[in-house]
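One-letter residues, chain by chain:
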Amino acid sequence: MTTPTADWWREAVFYQVYIRSFADASSDGVGDLAGIRSRLPHLVDLGVDALWITPFYPSPMADHGYDVADPRDVEPTFGDLSGFDALLADAHAAGLKVTVDLVPNHSSDQHVWFQEALASAPGSPARARYFFRDGRGPDGSEPPNNWPSVFGGPTWTRVPDGQWYLHIFAPEQPDLDFANPEVVADLEETLHFWLRRGVDGFRIDVAHGMAKPDGLPDMAPAEDTGLFADDGPGDLRFDQDGVHAVHRRLRAVLDQYEDRMAVGECWVFDDERLAAYLRPDELHLAFNFRLLTADWEADSLRSAVQHSLAAVAPTPAPACWVLSNHDRPRHVTRYGGGELGTRRARAAALLQLALPGVAYVYNGDELGMPDVDLPDEALQDPIWERSGHTERGRDACRVPVPWSGDSPAYGFSTTPDTWLPMPAGWGPLTAEAQAADPGSMLSLYRSALALRRSSSAFTGEDVQWLPAPEGVLAFRRSGGLVCLVNLSGAPVPLPEGEVLLASEAVADSTLAADAAVWLQG
Ligand code: GLC
């Protein structure tokens, strides 16, 4: 149980529920709010403190909920408002905080505002909530600038009267113009709506995107697209200085309520620029995506940790660690897949959970779920179509969670016909099978989270690096926890200290390759 304190989130472990894939109570093959409610005991046993639920608002699902048609209601596929209230009440009764996704940067093209904009004339107030512009070239048939969409193709789509509108993501996700006070006011209303219902905070989608440079100038051709790689300095779509004014407005609303927080999805890799989002009147937390993007290699992981700590050092915020989410290949797969990937993922879990600050666990991390090779016809991510079938997109990391049994849908749903197909052979991966096995990933997570919560070794926000053999990460927290991660490829000697937990059995005072250990130093 989390004890409510002003800063309950500072050391919290959040669990990301990708709603479509977590648990399906309505038997349509898509997860829902009632499904989450039915699986709260799993989260309590796991030992997390809080949930982040991905968007469950009315949506045509062009981007699986990140295209929001009405931010103050519930998509019927996922339930209704009273179902949300019931989930919130149960979660709170179980000692779990609940945070929801806020998608400010864009709306769905089916949002009443966008429909009104389409029906209105160029230059009208209805168009001024979005970015409608005339095209370039003699007849305006060229897009207004050269920006690429994160999902492939241009960021502009032309409407019948000849104007173009901006969409950093899919054409079904038109960007809103936060220079328009009406847009900011509506976002504030959405915040109040969910805060009054009792949510504990928000995860802010594309938190580095809600400001565009004046005049929307061309950007230097960049290889990266902002979402899937480090934003380069020339990427004008993201991290514009004007975005901070929006965050200050958001924070002012949150501060009217007690104990609420916001975490930003800021794909910003410059430490100082990331720190700017964490000023006292902006976000409480910002995901640090360096662990999510680092290779399984000592220097790269050490540098990820160092940069993440350096970014938050001048701010009131703790670091915020992420190994996987619904946008990136799962870490079991990134680390090589199969037994090796799983072994490394076990070690990575101990690394993540030993670090000071906040940890986000993506649903299925605790089961060691890998990415799934899906057949072409099963793919649903807009990236697949928009890239002309050259990029497979993010479906591989979004396959539903297996709960029990030996065949699809493994207790996720009563129908085997799930929105993304679940593979054969996942019986041993289910939560049920793993709960009964002390050597499973699930048992490791449970032990790690229980220790993290109960032991004073995990106190202190500093990380002191310890001398260690080449290829080994070793650090100490001021509370006394020592964490060693062996990426050297060979066994290494264990330092002095009582072993609290290890990702592989420790024998003869050595730590095996691709293993991690927690010691009381
Ligand atoms: C964020 C979400 C991603 C979504 C995008 C557009 O990056 O995590 O899933 O596609 O924003 O809303």
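Residues numbered from 1 in each chain as written. Predicted model: local features only at pLDDT ≥ 70, side-chain atom pairs only at ≥ 80, totals over all residues. Heavy atoms only, no water.

Below, the discussion takes up the site of the ligand. Of all residues adjacent to the ligand, which total 15 residues, the nearest are Asp63, His106, Asp205, Glu265 and Asp327. One of the side-chain nitrogen or oxygen atoms of histidine 106 is found 2.9 Å away from an oxygen atom of the ligand. Between glutamate 265 and the ligand, the recorded distance is 2.7 Å, taken from a side-chain N or O atom to an oxygen atom. Taking 310 Å² as the accessible area of the ligand by itself, protein coverage stands at 100%. Given that more than half its atoms are within 2 Å of the pocket grid, the ligand belongs to the second largest cavity. (Near = heavy atom within 4 Å. Polar contact = N/O pair within 3.5 Å; in protein donor to acceptor, adjacent residues only side chain to side chain. Areas by Shrake-Rupley, 256 points an atom, 1.4 Å probe, with all protein chains shown as cover. 1 Å grid on protein atoms, 1.4 Å probe; cavity = no way out; pocket = protein on both sides within 12 Å on 5 of 7 lines; lining within 4 Å. Sits in = over half its atoms within 2 Å of the grid points.)

It is worth spelling out the pattern of salt bridges at this point. If you walk through the whole model with that rule in mind, you get 32 salt bridges. Note that aspartate 514 and arginine 344 form a salt bridge whose closest N and O atoms lie 3.1 Å from each other. Of this pair, aspartate 514 sits in the loop between strand S17 (510–511) and strand S18 (515–520) while arginine 344 sits in helix H11 (residues 338–354), and the two are 170 residues apart along the sequence. Assessed through its relative accessible area of 10%, aspartate 514 is described here as buried. The closest approach of N and O atoms between arginine 392 and aspartate 376, which form a salt bridge, is 2.9 Å. With arginine 392 in the loop between helix H12 (382–386) and helix H13 (431–435) and aspartate 376 in the loop between strand S11 (358–362) and H12, the pair connects residues that are 16 residues apart, well separated along the chain. Accessibility expressed as a relative area gives 37% for arginine 392, which makes it partly exposed. Classification of aspartate 376 by relative accessible area gives partly exposed; the value is 41%. Members of the salt-bridge network, linked through shared partners, are Asp63, Asp327, Asp381, Arg394 and Arg398. (Salt bridge = Lys/Arg side-chain N within 4 Å of Asp/Glu carboxyl O. Helix = DSSP H or I, 4+ residues; strand = E, 2+ residues; numbered from the N terminus. Buried < 20%, exposed > 50% of the residue type's maximum accessible area, 1.4 Å probe, protein only.)

In this section: unusual backbone geometry. At the junction of proline 408 and alanine 409, the peptide bond is cis and its omega measures out at 10° in the coordinates. Residues other than glycine seldom take positive phi values, yet tyrosine 410 does so here, at roughly 45°. Within the element layout of this structure, tyrosine 410 appears in the loop between H12 and H13.

On average, residues of the chain carry a pLDDT of 95, and 96% of them reach 70 or more. The least confident element of the chain is H12, whose mean pLDDT is 93; the most confident is strand S1 (residues 13–17), at 99. Low pLDDT (under 50) marks residues 1–5, which in the prediction has ten contacts with non-local residues, meaning those over four places away or in another chain. The model gives residues 224–231 a pLDDT under 50, and that stretch makes 36 contacts with residues more than four places away or in other chains. (pLDDT = per-residue confidence, 0-100. Contact = heavy atoms within 4.5 Å.)

The strand order across the open sheet built from five strands is S12-S13-S14-S18-S16, with neighbouring strands paired in antiparallel fashion. The sheet is open, and its two edges are formed by strand S12 (463–465) and strand S16 (498–502), each paired on a single side. When the angles between neighbouring strand axes are averaged without regard to direction, this sheet yields 25°. Bridge analysis of strand S13 (residues 472–477) against strand S14 (residues 481–486) gives five bridges, and the strand direction is antiparallel. Paired with alanine 474 across the two strands is leucine 484, which belongs to S14. Sheet strands touched by helix H9 (residues 298–312): S12 and S13. Its angle to S13, the strand with the most contacts, is close to 30°. (Pairing = 2+ DSSP bridges. Axes fitted to C-alpha atoms, helices over the stretch in contact; angles between N-to-C directions.)

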